[in-house]
Amino acid sequence: MSRLVSFISGMYGRVTWRGLPLLTPLPPGLPRVLAAGKKDLVDLPVLNEDELEEQFVRGSGPGGQATNKTSNCVVLKHIPTGIVVKCHQTRSVDINRKRARDIMREKLDVVYKGELSEVVLKKKEAELRKHEKRKKANDNLERKRQFKEALAADSKPGSDIV
């Protein structure tokens, strides 16, 4: 959309709506951003719509009649690799379609890049942080236990050394 806005502003100069300016000019020297979005997971592969097969099926799970009667579950199949993604996170078909495509991009990234995939690397980093946090908590518990043992040994009668 920002390309469209840049194009319109380049063609027409100042774009207004009901007398209010929609586009404010950037000061000279600042770079223009042509696209905005998620900053993490930037290097995912682009999906070619010709390689996708999309179906809408009835969802399952909690939600009763609202879930069981509507066909808002998206099943996406990548034909060249055979990867199938099923998304039924919300009641909205549009949101489910978008999320299914995001999941498909992540899965294709893992298939194409393997261990060098951004998804795998982020998962490994998260596991490493979790492991370090658990180790730190266990070390603190061990120090507390040793401190309590030292206090108990010092408070025993007959251990007074002068």
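Definitions and limits used
Residues numbered from 1 in each chain as written. Predicted model: local features only at pLDDT ≥ 70, side-chain atom pairs only at ≥ 80, totals over all residues. Heavy atoms only, no water. UniProt positions renumbered as here; feature names shortened; annotations may be inferred. Helix = DSSP H or I, 4+ residues; strand = E, 2+ residues; numbered from the N terminus. Buried < 20%, exposed > 50% of the residue type's maximum accessible area, 1.4 Å probe, protein only. Contact = heavy atoms within 4.5 Å. Areas by Shrake-Rupley, 256 points an atom, 1.4 Å probe, with all protein chains shown as cover. Salt bridge = Lys/Arg side-chain N within 4 Å of Asp/Glu carboxyl O. Pairing = 2+ DSSP bridges. Axes fitted to C-alpha atoms, helices over the stretch in contact; angles between N-to-C directions. Expected span 1.5 Å × (residues − 1). Polar contact = N/O pair within 3.5 Å; in protein donor to acceptor, adjacent residues only side chain to side chain.

- The name given to the protein chain in an unreviewed UniProt entry is Mitochondrial translation release factor in rescue, and the organism recorded there is Collichthys lucidus.
- The protein chain has a UniProt comment under Subcellular location (unreviewed entry) that states "Mitochondrion".
- Heading Sequence similarities (unreviewed entry) of the UniProt record for the protein chain holds this comment: "Belongs to the prokaryotic/mitochondrial release factor family."

1. Considering the overall build of the protein chain
Then, number 1: Looking only at helices and strands, the protein chain has four helices and five strands in total.
Then, number 2: Residues counted as buried form 16% of the 162 residues belonging to the protein chain.
Then, number 3: Considering only intrachain contacts with a sequence separation of at least 6, the fraction spanning at least 24 residues in the protein chain is 42%.
Then, number 4: Of the roughly 13300 Å² of accessible surface on the protein chain, a fraction of 57% belongs to carbon and sulfur atoms.

2. What to know about the pattern of salt bridges
Then, number 1: This structure, assessed with the given rule, holds nine salt bridges.
Then, number 2: A salt bridge links Glu115 to Lys124; its shortest N-O distance comes to 2.6 Å.
Then, number 3: As a salt-bridge pair, Arg145 and Glu142 come within 2.3 Å of each other at their nearest N and O atoms. Residue Arg145 and its partner Glu142 are located together in helix H4 (residues 118–154), separated by three residues, close to a single helical turn.
Then, number 4: Since its relative accessible area comes to 32%, Glu142 is described here as partly exposed.
Then, number 5: Sharing partners across several salt bridges, the network here consists of Glu49, Glu54, Arg97 and Arg101.

3. Some details on the sheet that holds strand S3 (residues 52–57)
Then, number 1: With antiparallel pairing, three strands are arranged side by side in an open sheet as S3-S4-S5. The open sheet has two edge strands, S3 and strand S5 (83–87), and neither has a second partner. Direction aside, the axes of adjacent strands within the sheet are offset by 15 degrees on average.
Then, number 2: Sheet analysis places S3 next to strand S4 (residues 73–78), joined by six bridges and oriented antiparallel. Residue pairing for S4: Leu52 is matched across the bridge by His78.

4. Quick look at helix H3 (residues 93–113)
Then, number 1: Taking 1.5 Å as the rise per residue, H3 with 21 residues should run 30 Å; its terminal C-alpha atoms sit 30 Å apart, in good agreement.
Then, number 2: Among the residues making up H3, those that are buried are Asn96, Ala100, Arg101, Met104, Leu108 and Asp109.
Then, number 3: Sitting at the amino-terminal end of H3 is Ser92, which places a side-chain oxygen 3.4 Å from the backbone nitrogen of Asp94.
Then, number 4: A positive backbone phi angle near 65 degrees is found at Gly114, which sits one or two residues after H3.

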